[in-house]
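A look at the structure
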Amino acid sequence: FFSMDVITTHNTSDFDAVASLIAAGVHYPGAMMVIPTRINANVQAFLSLHKDVFKVSAPGDMDPEAVTRLIVVDTNQWKRLDRMNSLAKKKDLEVHVWDHHAVASDITASMVVQESVGACTTLFAERFESGGVELTPIQATLFLAGIYEDTGNLSFPSTTVRDARAVAYLLDNKADLNVLGNFLRPVYGVRQKEVLFEMLRHA
């Protein structure tokens, strides 16, 4: 019986989602990294440029019958996943969830890493640093993009000391800030951030 691990993240994926997915691929070697159909344009541009480095698959490439473990990153909601409904109903499926959002989950998981930091990628960067994992410069650059986009370059109120330490670790691993300038959207202005957090507070 052929069994496989699958890693996925939420639809309309941003840099933190995709960086967490690739980071999970490092943490769970041999797992199939299934990227949602809809990803943000700037992330798509980055992946297109580095498609020889990051081996990701589409949901249609996955054989649901063969999946024995599902690793979900940057979300904890079935409805936000792309074409994973068949797995939601699967018995004896082991599920791991890695998330940084303080929301209740509808996924029954055997392992949950859900901690309030600015970016999900931070959780993986911390594991890599403590485990002495060697990252390539392009991996470190993508992971840094994930943290920077979700924390507004460490300026959002949700940013923690842990995010800043993770950034230092990734810069130590040769993350390239010049590359980020070409792909990260401009940081929100003060007024935009106020509106965003008001919306989140009342959502």
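First, a word on what this report is: a plain description of the structure on this page.

Conventions used here
- Residues numbered from 1 in each chain as written.
- Predicted model: local features only at pLDDT ≥ 70, side-chain atom pairs only at ≥ 80, totals over all residues.
- Heavy atoms only, no water.
- Buried < 20%, exposed > 50% of the residue type's maximum accessible area, 1.4 Å probe, protein only.
- Helix = DSSP H or I, 4+ residues; strand = E, 2+ residues; numbered from the N terminus.
- Arc of directions from axis to C-beta.
- Salt bridge = Lys/Arg side-chain N within 4 Å of Asp/Glu carboxyl O.
- Expected span 1.5 Å × (residues − 1).
- Contact = heavy atoms within 4.5 Å.
- Axes fitted to C-alpha atoms, helices over the stretch in contact; angles between N-to-C directions.
- Parallel < 35°, antiparallel > 145°, perpendicular 65-115°, else oblique.
- Left-handed = near helix turned anticlockwise from the far one by under 90°.
- Nonpolar A, V, L, I, M, F, W, Y, C, P; charged D, E, K, R; others polar.

**Quick notes on helix H2 (residues 41–49)**
Here H2 has its buried residues at Asn 42, Val 43, Phe 46 and Leu 47. Angular distribution of buried residues about the axis of H2 spans 135 degrees; they occupy a single face of the element. In H2, the exposed positions angled more than 90 degrees off the buried face are occupied by Ala 41 and Leu 49.

**What about the pattern of salt bridges?**
The tally for this structure, following the rule as stated, stands at four salt bridges. Here Arg 69 and Asp 5 are joined by a salt bridge, their closest N and O atoms 2.7 Å apart. One end of the pair, Arg 69, is in strand S3 (residues 67–73); the other, Asp 5, is in strand S1 (residues 4–9), with 64 residues separating them in the sequence. Among the residues examined, Asp 5 registers a relative accessible area of 18% and is labelled buried. Across the pair Glu 115 and Arg 162 runs a salt bridge, and its minimum N-O distance is 2.4 Å. Of this pair, Glu 115 sits in the loop between strand S5 (111–114) and helix H4 (120–131) while Arg 162 sits in helix H6 (residues 161–172), placing them 47 residues apart in sequence. According to the relative accessible area criterion, Arg 162 is partly exposed, its value standing at 27%. When salt bridges that share partners are traced, they join Glu 115, Glu 126 and Arg 162 into one network.

**Digging into H6**
If you check H6, its first and last C-alpha atoms are 17 Å apart, about what twelve residues at 1.5 Å a residue would give, namely 16 Å. Looking only at H6, the buried set comprises Asp 163, Ala 166, Val 167, Tyr 169 and Leu 170. The arc that holds every buried residue of H6, seen down its axis, measures 160 degrees, which confines them to one face. For H6, the exposed residues set more than 90 degrees away from the buried face come down to Val 161, Arg 165 and Asp 172. Buried-residue contacts for H6 involve H4 and helix H5 (137–151). One or two positions beyond H6, positive phi appears at Lys 174, with a value near 75 degrees.

**Looking at the environment of Thr 68**
Checked against the element boundaries, Thr 68 lands in strand S3. For Thr 68, a relative accessible area of 28% translates into the label partly exposed. The sequence separation of Thr 68 and Val 6 amounts to 62 residues, and the corresponding C-alpha distance is 8.2 Å.

**Describing the packing of H4 against H6**
For the pair H4 and H6, interaxial distance at closest approach is 9 Å and the crossing angle is 55 degrees. In terms of axis orientation, H4 runs oblique to H6. When the axes of H4 and H6 are compared, the crossing they make is left-handed. Residues Thr 122, Leu 123, Ala 125, Glu 126, Phe 128 and Glu 129 of H4 lie in contact with H6, whose contacting residues are Arg 162, Asp 163, Ala 166 and Tyr 169. Residue composition of the contact of H4 with H6, grouped by class: five nonpolar, one polar and four charged.

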